[in-house]
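What follows is the residue order along each chain.
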Amino acid sequence: MTARNHQIRGHRCSIMLPEWMKFHTPGDRMKRLLIATGKGGSGKTTLARNLAALVAQEGLDVAIIDTDAQRTLSKWWSNRQKAGGVPAISLYQAELDQVAEAIGDLTHDIVIIDTPPVVNAGMAATVRACDYVLIPCRPSPDDWESVLQVHEMAASAGTPVGYVINGAVKRASLNDACRLILVKRGAPLCPSPVTHRQDFVLAAIEGLGVTEIKNMAAAADEIRVLGAFIRQQLGMPQTITA
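Residues numbered from 1 in each chain as written. Predicted model: local features only at pLDDT ≥ 70, side-chain atom pairs only at ≥ 80, totals over all residues. Heavy atoms only, no water.

Caption draft 1: Here's a closer look at the overall build of the protein. When helices and strands are counted, the protein shows nine helices and eight strands. The proportion of buried residues among the 242 residues of the protein is 57%. The long-range fraction of contacts in the protein, counting pairs at least 24 apart against all pairs at least 6 apart in sequence, stands at 78%. Per element, the accessible surface of the protein, about 10,700 Å² overall, is 52% carbon and sulfur. (Helix = DSSP H or I, 4+ residues; strand = E, 2+ residues; numbered from the N terminus. Buried < 20%, exposed > 50% of the residue type's maximum accessible area, 1.4 Å probe, protein only. Contact = heavy atoms within 4.5 Å. Areas by Shrake-Rupley, 256 points an atom, 1.4 Å probe, with all protein chains shown as cover.)

This is the structure:
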C-alpha cells in the first residue's frame, strides 16, 4: 500500500492477532516514536526492530518506517516474511525529509521511525512531527557528546525526548559514567540499559525480535523494560494479558 500523495512505500506482513489481544492507544491519533542520534553505530535499527516485534506481540497495530539508505530495517522485515507464525508489522520506506508530511496519512496504533545518523533539516522536520524522540547512547565519550545535538533539536521543537544506554558492556565503569552524564541533561532515562549481546544479531538474522525467541530471556527482559518505558513516556497503557 502507498500513503496518499506522498513518496512513502509500505507493505503488510505475517498473521493477524486473535481478537482478545487487540487493543488501542487512548486518543484518536497514532503514536509516533522517532529513534535518532547524529552518530552511526548507536544501535538505532536494533532497537527499532526489537521494539516493533515487542509491541506487535502485545497486540498493537505497529508500523516501521525505514529512512536509512542502507535499508537494514527493511532487510530484517524481509527476513521476517520467511519466519511464519509471527505478529504482523507494516513496513514503509521513505527519505527522511518526506516523513513529516507523509506520516499523517498512516493509520496504526504506533509507528516507529528508524533514521540515518544525520542532524539536518529533514531530521528537524521529523522531530517536530513525532510524539517522542528516543536517543540511544553507547557508553563512550564520543557517543554521549554527539547525541546532544538531537536532544537540543527536540527541545527546540518542543518534542519530548528520552535516553536509553545501548550496547552496554557488563560491569564496565563507563556504563555508570554514561548514566550520570545523561541524567544531568534532565531528560528521562530508561531504567535498564540494553546490553551488547549476540542474541540481537541472531534474532535479526531470523527476522525476529529477542522477545519472540525463548532462549533469549536476558535480552528480552531488557527490551521489555525499554518497551514499558516507551509506553509510559507516550502515555500508552501497559501490556495486557489474556
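What follows picks up the thread again.
Caption draft 2: Up close: helix H4 (residues 121-129). With respect to burial, H4 is a largely interior element, seven of its nine residues being buried. Of the residues making up H4, those classed as buried are Gly122, Met123, Ala124, Ala125, Thr126, Val127 and Ala129. Looking at the buried residues of H4, the elements they touch are strand E2 (31-35), helix H3 (96-102), strand E5 (110-114), strand E6 (132-137) and helix H6 (148-157). At the N-terminal boundary of H4, the capping side chain belongs to Asn120, with an oxygen 3.2 Å from the backbone nitrogen of Gly122. (Polar contact = N/O pair within 3.5 Å; in protein donor to acceptor, adjacent residues only side chain to side chain.)

Caption draft 3: Summary view of a nonpolar patch on the surface. A surface patch of nonpolar side chains, about 260 Å² in accessible area, is lined by Val201, Leu202 and Ile205. Within the secondary structure, Leu202 is located in helix H8 (residues 198-205). Taking relative accessible area as the criterion, Leu202 reaches 38% and is therefore assigned partly exposed. (Patch = residues over 30% accessible without salt bridge, like charges linked within 9 Å, V, L, I, M, F, W, Y side chains within 5 Å. Salt bridge = Lys/Arg side-chain N within 4 Å of Asp/Glu carboxyl O.)

Caption draft 4: Region of interest: the packing of helix H1 (residues 44-57) against helix H2 (residues 72-80). At a minimum axis separation of 9 Å, H1 and H2 run at an interaxial angle of 35°. Here H1 and H2 pass one another in a crossing that is right-handed. Residues Thr45, Ala48, Arg49 and Ala53 of H1 form the contact with H2, whose participating residues are Thr72, Leu73, Trp76 and Arg80. (Axes fitted to C-alpha atoms, helices over the stretch in contact; angles between N-to-C directions. Left-handed = near helix turned anticlockwise from the far one by under 90°.)

Caption draft 5: Region of the structure containing the side chain of Arg32. Counting through the fold element by element, Arg32 comes out in strand E2. The side chain of Arg32 is buried and forms no salt bridge, while Asp131, the nearest opposite charge, is found at 4.8 Å. A polar atom in the side chain of Arg32 sits 3.1 Å from the backbone oxygen of Ala129. Setting aside anything within four residues of it in sequence, one finds Arg32 in contact with Ile103, Gly104, Val111, Ala129, Cys130, Asp131 and Tyr132. (Lys, Arg positive; Asp, Glu negative; His and termini not counted.)

Caption draft 6: Seen up close, the environment of Ile135. Among the structural elements, Ile135 can be located in strand E6. Exposure remark for Ile135: the relative accessible area of 0% places this residue in the buried category. Residues Ile135 and Val147 lie 12 residues apart in sequence; the distance between their C-alpha atoms is 7.2 Å. Here Ile135 is in contact with Ala36, Thr37, Val147, Val150, His151, Val161, Gly162, Tyr163 and Val164, once residues within four sequence places are set aside.

Caption draft 7: Representation of unusual backbone geometry. With phi around 55°, Arg71 is a residue other than glycine that occupies positive phi space. Note that Arg71 resides in the loop between strand E3 (62-66) and H2. A relative accessible area of 17% places Arg71 in the buried class.

Caption draft 8: Quick look at the layout of surface pockets. Taken as a whole, the largest pocket spans an internal volume of roughly 320 Å³. For the lining of the largest pocket, the secondary-structure elements that each account for two or more residues are H1 and H2. Broken down by element, the lining of the largest pocket gets its largest block of residues, five residues, from H2. Class assignment of the residues belonging to the lining of the largest pocket gives a composition of four nonpolar, 10 polar and eight charged. (1 Å grid on protein atoms, 1.4 Å probe; cavity = no way out; pocket = protein on both sides within 12 Å on 5 of 7 lines; lining within 4 Å. Points joined across faces, edges and corners; volume = space filled by probe spheres on them. Nonpolar A, V, L, I, M, F, W, Y, C, P; charged D, E, K, R; others polar.)

Caption draft 9: Here's a closer look at empty space enclosed by the protein. Inspection of the entire model under this criterion finds one cavity of 30 Å³ or more. When its volume is computed, the largest cavity comes out at roughly 60 Å³. Together, Leu33, Leu51, Val55, Ile110, Ile112, Gly227, Ile230, Arg231 and Met236 line the largest cavity. Only H1, E5 and helix H9 (217-234) provide two or more residues apiece to the lining of the largest cavity. Broken down by class, the residue content of the lining of the largest cavity amounts to seven nonpolar, one polar and one charged.

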